[in-house]
Amino acid sequence: MVDKILDDLNRRIVLATQAGLPLVPEPYQQLARELDITADEVMQRMQRMLESGIIRRIGAVPNHYTLGFRGNGMSVWDVPDEQVKRCGRLIGDLDFVSHAYHRPRHLPRWRYNLFAMVHGRDRAEVEQKVDTIAVLLGEHNRAHETLFSKRILKKTGLRFKGER
Amino acid sequence: MAVESHIVELLLPPVEPVAGQGATAGLTPLEKRLLDEFQNNFPLSPTPFAEMAQCLGTSEEQVLYLLEGLQERGFISRVGPVFKPRQIGASTLAAVSVPAYKLDNIAAYINAFDEVNHNYERDHRLNLWFVITTPDQERLEQVLAEIENYTGLPVMSLPLVKSFHIDLGFSLWC
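Calculation notes
- Residues numbered from 1 in each chain as written.
- Chains lettered and ligands numbered in written order.
- Predicted model: local features only at pLDDT ≥ 70, side-chain atom pairs only at ≥ 80, totals over all residues.
- Helix = DSSP H or I, 4+ residues; strand = E, 2+ residues; numbered from the N terminus.
- Rg over C-alpha atoms; globule rule 2.2 N^0.38 Å.
- Buried ≥ 20, exposed ≤ 12 C-beta atoms within 10 Å, placed from the backbone.
- Contact = placed C-beta atoms within 7 Å.
- Pairing = 2+ DSSP bridges.
- Axes fitted to C-alpha atoms, helices over the stretch in contact; angles between N-to-C directions.
- Core = buried A, V, L, I, M, F, W, Y, C linked by C-beta atoms within 7 Å.
- Domains from an automatic or database assignment.
- Expected span 1.5 Å × (residues − 1).
- Arc of directions from axis to C-beta.

Some thoughts on the overall build of chain A
Line of reasoning, step 1. A tally of helices and strands in chain A yields five helices and five strands.
Line of reasoning, step 2. When the helices and strands of chain A are listed from N to C terminus, the series reads α-α-α-β-β-α-β-β-α-β.
Line of reasoning, step 3. What you see for chain A is a C-alpha radius of gyration of 20 Å, clearly larger than the 15 Å of a compact globule of 164 residues, by over 25%.
Line of reasoning, step 4. For the C-alpha atoms alone, the extent of chain A along its principal axes is close to 60 × 35 × 30 Å.
Line of reasoning, step 5. In chain A, which comprises 164 residues, the proportion classed as buried is 38%.
Line of reasoning, step 6. The long-range fraction of contacts in chain A, counting pairs at least 24 apart against all pairs at least 6 apart in sequence, stands at 58%.

Structure, rendered in structure tokens:
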């Protein structure tokens with residue numbers, strides 16, 4: 001993949017917005033004052049970062065845990081290697097899956113090559129959704145498991161660092 | 001190489017349990033619409049909250065008030081851009097099978113690495129799962145080796161091959 005190098009102004013915009021936009025009637029205007037540029041420039045830069053994929057989306061960032069999504073499981077699937085792309089796309093399109101990844105197998109310890117993070121209000125709902133995936137994959141699903149999280153031991157947000 | 005983008009909002013320490021259908025029972029219909037319709041497409045215009053208000057049939061003042069309230073109650077962490085993890089450097093999802101009595105000690109050792117951003121205990125024979133992100137592959141191998149050395153346990157490394165999901169937020173009330 002192509003590395004997206006942030007120029008200095010983009011980096012300053014990222015730093016100024018990564019903790020959220022100010023909840024004021026004209027948030028871009030407020031940012032512009034802080035950054036000593038115009039509001040139009042802030043919006044244009046953000047629009048371009050959105051188009052190039054540096055920004056995935058702009059909006060309310062829900063805290064799913066507080067919202068009641070207490071069940072989440074890492075479902076792992078063993079599908080034929082030549083089907084992994086097709087299966088990955090099928091899974092990635094499901095609205096209860098937040099992440100779907102192809103990862104290497106690690107035989108004989110680990111036979112699974114497809115990972116999907118599944119979310120639900122509780123464990124039972126997650127299991128039900130995992131069953132939905134199993135049906136969707138049909139014969140391509142040679143085996144699967146769901147790993148529920150017991151404890152979070154460390155969580156550091158991926159943040160762009162200011163100094164670099 | 002792509003950098004792991006892992007769930008961060010979803011695995012938080014337990015908070016006060018809320019009765020009913022999860023905490024969402026405490027949300028008004030307008031708050032639910034705000035959350036459902038504006039995880040994406042927040043307007044890039046001079047007065048974005050006024051535009052949202054127009055879509056929702058309410059006032060700018062009300063939208064700002066509701067968003068502040070959602071944030072205070074912890075239902076949203078912020079309103080703003082969600083950035084794609086930087087695609088520079090190397091990363092992997094690693095797993096290790098740790099005996100229960102050693103778990104806290106080994107978890108603390110692993111967590112002490114700045115390169116480890118996430119570490120979860122999972123309900124599985126492979127019970128420790130963590131993400132390592134480094135500036136280059138060499139450092140990644142070094143961190144893996146150091147962890148193997150310290151623990152005396154094999155660490156399974158599962159670097160991302162391909163990601164299939166485009167994160168546009170997800171439906172909360174489907």
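Back to the text.
Some remarks on the sheet that holds strand E3 (residues 97-102) of chain A
Line of reasoning, step 1. Read from one edge to the other, the open sheet built from nine strands follows the order E5(B)-E2(B)-E4(B)-E3(B)-E5(A)-E2(A)-E4(A)-E3(A)-E6(B), with strand pairing classed as antiparallel. Of all the strands in the sheet, the pair left with one neighbour each is strand E5 (156-158) and strand E6 (162-163) of chain B.
Line of reasoning, step 2. Where E3 of chain A and strand E4 (residues 114-120) of chain A come together, five bridges link them in antiparallel fashion. Each bridged residue has a counterpart across the sheet, and for His102 of chain A the counterpart in E4 of chain A is Leu114 of chain A.
Line of reasoning, step 3. Sheet strands in contact with helix H5 (residues 123-137) of chain A are strand E2 (71-78), E4 and strand E5 (143-155) of chain A, and its direction is about 25° off that of E2 of chain A.
Line of reasoning, step 4. Across the sheet, helix H4 (residues 103-111) of chain B is in contact with E5 of chain A together with strand E3 (116-122) and strand E4 (128-134) of chain B; its angle to E3 of chain B comes to roughly 160°.

Focus: the nonpolar core
Line of reasoning, step 1. In this structure, Ile55 and Ala60 of chain A together with Ile76 and Val79 of chain B are the most contacted members of the largest nonpolar core, which totals 30 residues.
Line of reasoning, step 2. Mapped by element, the contributors of at least two residues to this core are helix H1 (8-17), helix H2 (27-35), helix H3 (39-52) and strand E1 (55-62) of chain A together with helix H1 (29-37), helix H2 (48-56), helix H3 (60-72) and strand E1 (76-83) of chain B.
Line of reasoning, step 3. Setting aside its immediate chain neighbours within four residues, Val79 of chain B contacts Gly20, Leu21, Leu23, Gly59 and Ala60 of chain A together with Phe42 and Leu67 of chain B.
Line of reasoning, step 4. If you look at the next biggest cluster of nonpolar residues, it comprises 22 residues, including Met74, Tyr112, Ala116 and Val126 of chain A.

Quick look at the domain arrangement of chain A
When the parts come together, some accessible area is lost, and that loss is often what is quoted as the size of the interface.
Line of reasoning, step 1. We note that the domain assignment places domain 1 (8-52) and domain 2 (71-148) within chain A.
Line of reasoning, step 2. In this structure, domain 1 of chain A and domain 2 of chain A have C-alpha centres spaced 37 Å apart.

Here's the deal with H3 of chain B
Residues and elements named next belong to chain B.
Line of reasoning, step 1. Compared with the 18 Å implied by 1.5 Å per residue over 13 residues, the 18 Å span of H3 between its first and last C-alpha is a close match.
Line of reasoning, step 2. Among the residues of H3, those classed as buried are Val63, Leu66, Leu67 and Leu70. Down the axis of H3, the smallest arc covering the buried residues is 100°, so these residues share one side. For H3, the exposed residues set more than 90 degrees away from the buried face come down to Glu61 and Glu72.
Line of reasoning, step 3. Taken together, the buried residues of H3 touch H1, H2 and E1.
Line of reasoning, step 4. Of the residues one or two after H3, Gly74 is the one with positive phi, at around 80°.

Side note on the pairing of E3 of chain B
Line of reasoning, step 1. In terms of burial, E3 of chain B is a largely internal element, five of the seven residues being buried.
Line of reasoning, step 2. With five bridges connecting them, E5 of chain A and E3 of chain B associate as antiparallel partners. Bridging across to E3 of chain B, Arg151 of chain A finds its partner in Glu121 of chain B.
Line of reasoning, step 3. The sheet contact formed by E3 of chain B and E4 of chain B spans five bridges and is antiparallel. Within the sheet, the bridge partner assigned to Glu121 of chain B lies in E4 of chain B and is Leu128 of chain B.

A few points about unusual backbone geometry
Line of reasoning, step 1. For the bond running from Leu107 of chain A to Pro108 of chain A, omega is 5°, close enough to zero to count as cis.
Line of reasoning, step 2. Here Pro108 of chain A shows up in the loop between E3 and E4.
Line of reasoning, step 3. One non-glycine residue, Asp36 of chain A, lies in the positive phi region at around 60°.
Line of reasoning, step 4. Note that Asp36 of chain A resides in the loop between H2 and H3.
Line of reasoning, step 5. Among the residues examined, Asp36 of chain A registers 7 C-beta atoms within 10 Å and is labelled exposed.
Line of reasoning, step 6. One non-glycine residue, Asn41 of chain B, lies in positive phi territory at about 65°.

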